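Summary of structural features
Read off the chains here:
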Amino acid sequence: MTLKEMKEKVYRLIEELSDTETQLTDDPDYEKKINTCINIVQNELARIKKIPTYEEYDTNSGNVMELPEDCYQIFKIKGCMYEILGNEIHFDKDYLGEVSIYYYKYPTKITEETNDEEYEFELSQDALEIMPFGVAGDMLKSDPSTDFGAVYSNRYNELKQYLDSRNNAGVIYIDTSEAID
């Protein structure tokens, strides 16, 4: 899903989607804060529905490595012994070679300069489906003339409880019905 598609869902939900083709909303206040609200909600959802990734590191270039900038949480390092101290990984000083660092990352940040049509969300489909409620709640919570902010926030919080935080490792089926000669 692109950033533009997410914005369309949010504006449609809060009934602010413009009828013109040149802009998604006619409300300049919503237009100014939607990217910030989307970024906040996607970071919250990324801590529930984690985004796995990995990085290779060659200890020949040093036995201390800064944690990747987008690192939320390390879940495995393969190749040698290590310790994490602050925002650094200290590898066994006697080991020379490649190590694989598997970690959960924060999604790519959304700023005011982010291209709506090129930005692709890294979150899973189930997280993206509840995201508009969280964004709508954040966008409307400061509007004193309506309670819709609370309504959308409550719905978002309810739906978050149903997200499955496990990562799918796939399923392997072994058929043992045929004999091997």
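Let me sum up the structure you'll find in this document. Bear in mind that the values here come from a model prediction, so they are computed numbers and not experimental data. (Residues numbered from 1 in each chain as written. Predicted model: local features only at pLDDT ≥ 70, side-chain atom pairs only at ≥ 80, totals over all residues. Heavy atoms only, no water.)

1. What to know about the overall build of the chain
Check the secondary structure of the chain and you find four helices and six strands. When the helices and strands of the chain are listed from N to C terminus, the series reads α-α-β-β-β-β-β-β-α-α. Here the C-alpha radius of gyration of the chain, 22 Å, is well above what a compact globule of 181 residues would show, namely 16 Å. Dimensions of the chain, computed from the C-alpha atoms along their principal axes, are close to 65 × 50 × 30 Å. Within the chain, the proportion of its 181 residues that are buried is 35%. Considering only contacts in the chain between residues 6 or more positions apart, those separated by 24 or more positions represent 68%. A gap of 5 Å separates the mean positions of the 18 positive and 39 negative side-chain charges of the chain. (Helix = DSSP H or I, 4+ residues; strand = E, 2+ residues; numbered from the N terminus. Rg over C-alpha atoms; globule rule 2.2 N^0.38 Å. Buried < 20%, exposed > 50% of the residue type's maximum accessible area, 1.4 Å probe, protein only. Contact = heavy atoms within 4.5 Å. Lys, Arg positive; Asp, Glu negative; His and termini not counted. Charge placed at Lys NZ, Arg CZ, Asp CG, Glu CD.)

2. Quick word on the environment of Ile 110
Structurally, the position occupied by Ile 110 is in the loop between strand 6 (98-105) and helix 3 (125-140). Note on Ile 110: relative accessible area 4%, which makes it buried. Considering only alpha carbons, one finds Ile 110 and Glu 66, 44 residues apart in sequence, at a separation of 23 Å. Residues contacting Ile 110, with those up to four places away along its chain left out, are Leu 3, Asn 35, Ile 38, Asn 39, Gln 42, Tyr 119 and Phe 121.

3. A closer look at the sheet that holds strand 2 (residues 64-66)
Spatially, three strands are ordered 2-5-4 in an open sheet, and the strand pairing comes out antiparallel. The open sheet has two edge strands with one neighbour each: strand 2 and strand 4 (82-85). Each neighbouring strand pair of the sheet contributes to a mean axis angle of 25°, computed without reference to strand direction. In this sheet, strand 5 (residues 88-91) lies alongside strand 2 in antiparallel orientation, the contact comprising three bridges. Each bridged residue has a counterpart across the sheet, and for Met 65 the counterpart in strand 5 is Ile 89. (Pairing = 2+ DSSP bridges. Axes fitted to C-alpha atoms, helices over the stretch in contact; angles between N-to-C directions.)

4. Some words on the nonpolar core
If you look at the biggest cluster of nonpolar residues, it comprises 30 residues, and the most contacted ones within it are Ile 38, Leu 45, Phe 121, Met 131, Val 135 and Met 139. Within the residue set of this core, elements represented by two or more residues are helix 1 (3-13), helix 2 (28-48), helix 3 and helix 4 (148-160). For this core, the leading source of residues is helix 3, giving eight residues. In this structure, Met 139 is in contact with Val 10, Tyr 11, Ile 14, Tyr 30, Lys 33, Ile 34 and Cys 37, ignoring residues within four places of it in sequence. (Core = buried A, V, L, I, M, F, W, Y, C linked by side-chain atoms within 4.5 Å.)

5. So, the side chain of Thr 59
Here Thr 59 is to be found in the loop between strand 1 (51-58) and strand 2. On the basis of relative accessibility, which here comes to 3%, the residue Thr 59 falls in the buried class. Each residue touching Thr 59, except ones within four places of it in the same chain, is listed here: Phe 91, Tyr 95, Leu 96, Gly 97 and Val 99.

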